[in-house]
Amino acid sequence: MHRVFSGIQPTGNLHLGNYLGATRNWVALQADFECIFCIVDMHAITVWQDPEQLRASTREVAASLIAAGVDPRRHVVFNQSQVPGHAELAWIFNCVARMGWLNRMTQFKEKAGKNKENASVGLFAYPNLMAADILLYKATHVPVGDDQKQHLELTRDIAQKFNNDFKCDIFPIVEPLILGVATRVMSLRDGTKKMSKSDPSDLSRINMIDDADTIAKKIRKAKTDPEDLPVSEEGFAGRPEARNLMSIYAALDGIEMDAVLGRFGGAQFSTFKQELADLAVAKLSPIQDEMRRLMADPGYIDGVLRDGAARARAIAAPIMAEIQDIVGFLRA
Ligand code: TRP
């Protein structure tokens with residue numbers, strides 16, 4: 001059986017990086033896998049979230065998934081907090097994973113920054129909850145970006161240690177799925193930094209709610225360098241902005257980088273940017289229209305999530321019971 005699990009944080013302000021790096025790949029996986037897509041509100045609260053904003057972002061992410069083409073009837077879309085198994089299994093994994101393993105997680109170090117003493121315990125244990133997300137459904141494949149590879153390795157370590165400690169083989173060793181050209185969309189203002197919702201400059205990202213004029217303006221203003229566009233991969237050396245813009249083009253158009261280099265190599269940035277803006281608007285506006293339509297109907301979105309959570313609970317329940325038996329929790 002091949003089952004995909006993936007998670008996305010409901011932290012608002014969805015942008016092109018979320019779409020090209022995650023959502024769009026999820027849409028493509030639906031043809032070949034049974035997919036469980038989870039809006040990870042429990043991961044979100046590892047750092048402070050305003051409650052109203054969290055609820056709104058959860059609906060916004062759900063709308064964006066459906067608008068992009070995730071089919072919540074054939075696959076499962078829900079928010080994490082509504083399936084208690086995630087928290088239950090995460091606790092068990094808190095007791096399986098070792099302090100030393102978590103101490104090596106680079107994302108914790110980045111997110112906690114200098115003030116480690118003041119980070120939440122949840123932020124430290126974040127990877128254990130992610131392992132629980134995946135293994136609660138015995139998922140076999142997980143699409144993730146580069147930045148989550150280390151967490152997926154930890155998931156494999158936890159699965160292996162659990163299987164060893166309890167002399168069983170309940171948990172599969174999950175495989176990462178690294179997909180698509182522009183899985184890493186960089187800032188429009190600095191090609192060495194990831195496109196991020198928390199960048200103070202709104203010009204650094206294309207938001208899913210930006211209208212056509214704003215998208216075109218942001219691409220026009222995107223940072224470039226004085227040279228013409230490169231004709232081959234080697235030409236990207238020292239030119240992160242050229243690489244980023246051309247890889248965004250490739251991803252949006254669903255073509256290989258070589259094809260983009262063939263088409264625009266040697267051209268001026270200004271010419272290329274016009275083409276890129278047209279392409280971005282053409283590809284994004286139908287999704288944006290659908291997203292706006294869905295967000296005007298929160299009752300529908302809530303219904304989708306409610307139904308998804310019920311189906312997720314039904315898949316998780318027998319697995320959680322099996323885990324409890326293995327651990328020795330009495331189910332009287
Ligand atoms: N940590 C992931 C991120 O920030 C989100 C996530 C949570 C996830 N649980 C997951 C991704 C399980 C894949 C599988 O992108």
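Shown above is the structure to which this text applies.
Just so we're clear, the structure is a prediction, and the values are computed from it rather than from any experiment.

A. Representation of the packing of helix H1 (residues 16-29) against helix H3 (residues 51-68) within the structure. Viewed as axis vectors pointing N to C, H1 and H3 meet at an angle of 55 degrees, and their least axial separation amounts to 9 Å. Here H1 lies oblique to H3, going by the angle between them. Considering only the axes of H1 and H3, their crossing is right-handed. Of H3, the residues touching H1 (which contributes Tyr19, Thr23, Trp26 and Val27) are Ser64, Leu65 and Ala68.

B. Quick peek at the pattern of salt bridges. Within this structure, the stated rule accounts for 20 salt bridges. Here arginine 55 ties to glutamate 52 by a salt bridge, and the two come within 2.9 Å at their closest N and O atoms. Of this pair, arginine 55 and glutamate 52 both sit in helix H3, 3 residues apart, which is roughly one turn of the helix. Since its relative accessible area comes to 45%, arginine 55 is described here as partly exposed. Assessed through its relative accessible area of 53%, glutamate 52 is described here as exposed. In this structure, the salt-bridge partner of arginine 156 is glutamate 175, at a minimum N-O distance of 4.0 Å. Residue arginine 156 is located in helix H8 (residues 149-165), and its partner glutamate 175 is located in strand S5 (residues 175-177); the two are separated by 19 residues in the primary sequence. Here the salt bridges do not stand alone but share partners, grouping Asp202, Arg205, Asp210 and Lys218 into one network.

C. A look at empty space enclosed by the protein. On inspection of all chains with the given rule, the structure shows 3 cavities of 30 Å³ or more. Considering only enclosed or pocket space, the largest cavity measures out at about 50 Å³ in volume. Lining the largest cavity are Ile8, Leu14, His15, Asn18, Tyr19, Thr23, Ser64, Ala68, Met208 and Ile287. When residues of the lining of the largest cavity are traced back to their parent elements, those giving at least two are H1 and H3. The element contributing the most residues to the lining of the largest cavity is H1, with 3 residues. Looking at the lining of the largest cavity residue by residue, the class counts come to 6 nonpolar, 4 polar and no charged.

D. Here's a closer look at the pairing of strand S1 (residues 3-8). For S1, the tally of buried residues reaches 5 of 6 residues, placing the bulk of the element in the interior. Judged from the 6 bridges that link them, S1 and strand S2 (residues 34-39) form a sheet pairing that is parallel. In the strand pairing of S2, phenylalanine 5 is matched with isoleucine 36.

E. Layout of unusual backbone geometry. Even without being a glycine, lysine 138 presents a positive backbone phi close to 50 degrees. Examined against the element boundaries, lysine 138 turns out to sit in the loop between helix H7 (121-135) and strand S4 (141-143). The phi dihedral of lysine 167 falls on the positive side, at around 45 degrees, and the residue is not glycine. Looking at the element boundaries, lysine 167 is found in the loop between H8 and S5. Take lysine 167: its relative accessible area is 75%, and that puts it in the exposed class.

F. Spatial organisation of the environment of valine 174. Inspection of the secondary structure assignment puts valine 174 in the loop between H8 and S5. As a C-alpha pair, valine 174 and glutamate 153 span 21 residues in sequence and 8.8 Å in three-dimensional space. If sequence neighbours within four positions are ignored, valine 174 has contacts with Ile134, Leu135, Ala139, Thr140, Val142, Leu152, Thr155 and Arg156.

G. Representation of the nonpolar core in the model. Grouped together as the largest cluster of nonpolar side chains are 59 residues, with contacts concentrated most on Leu16, Met246, Leu252, Val260 and Phe272. With 10 residues, helix H12 (residues 269-295) is the largest single contributor of residues to this core. Of the residues that make up this core, three or more belong to each of domain 1 (3-177 + 297-327) and domain 2 (202-293). Leave out the neighbours within four places in its chain, and leucine 16 touches Gly21, Val185, Met195, Ile206, Ile248, Leu252 and Leu284.

H. Spatial organisation of the packing of aromatic side chains. Applying the stated rule across the entire model yields 11 aromatic pairs. For the ring pair phenylalanine 93 and phenylalanine 171, a centre distance of 5.7 Å and an interplane angle of 75 degrees mean the geometry is edge-to-face. Separated by 78 residues along the polypeptide, phenylalanine 93 in helix H4 (residues 85-94) and phenylalanine 171 in the loop between H8 and S5 bring together distant segments of the chain. Through pairs of rings, three or more aromatic residues link up here, namely Phe93, Phe162, Phe166 and Phe171.

I. Spotlight on the layout of surface pockets. When its volume is computed, the largest pocket comes out at roughly 1,600 Å³. Lining of the largest pocket is provided by 50 residues; of these, Gln9, Gln107, Asp147, Gln148 and Lys194 occupy positions nearest its centre. Elements with a contribution of two residues or more to the lining of the largest pocket: S1, H1, helix H6 (106-112), H7, S4 and H8. Top element by residues in the lining of the largest pocket is H1. It accounts for 6 residues. Grouping the amino acids of the lining of the largest pocket by side-chain chemistry returns 17 nonpolar, 23 polar and 10 charged.

Reading the values: rules and limits
- Residues numbered from 1 in each chain as written.
- Predicted model: local features only at pLDDT ≥ 70, side-chain atom pairs only at ≥ 80, totals over all residues.
- Heavy atoms only, no water.
- Axes fitted to C-alpha atoms, helices over the stretch in contact; angles between N-to-C directions.
- Helix = DSSP H or I, 4+ residues; strand = E, 2+ residues; numbered from the N terminus.
- Parallel < 35°, antiparallel > 145°, perpendicular 65-115°, else oblique.
- Left-handed = near helix turned anticlockwise from the far one by under 90°.
- Contact = heavy atoms within 4.5 Å.
- Salt bridge = Lys/Arg side-chain N within 4 Å of Asp/Glu carboxyl O.
- Buried < 20%, exposed > 50% of the residue type's maximum accessible area, 1.4 Å probe, protein only.
- 1 Å grid on protein atoms, 1.4 Å probe; cavity = no way out; pocket = protein on both sides within 12 Å on 5 of 7 lines; lining within 4 Å.
- Points joined across faces, edges and corners; volume = space filled by probe spheres on them.
- Nonpolar A, V, L, I, M, F, W, Y, C, P; charged D, E, K, R; others polar.
- Pairing = 2+ DSSP bridges.
- Core = buried A, V, L, I, M, F, W, Y, C linked by side-chain atoms within 4.5 Å.
- Domains from an automatic or database assignment.
- Phe/Tyr/Trp six-rings, centres within 6.5 Å; stacked < 30°, edge-to-face > 60°.

Purely spatial values, then, with no claim about function.
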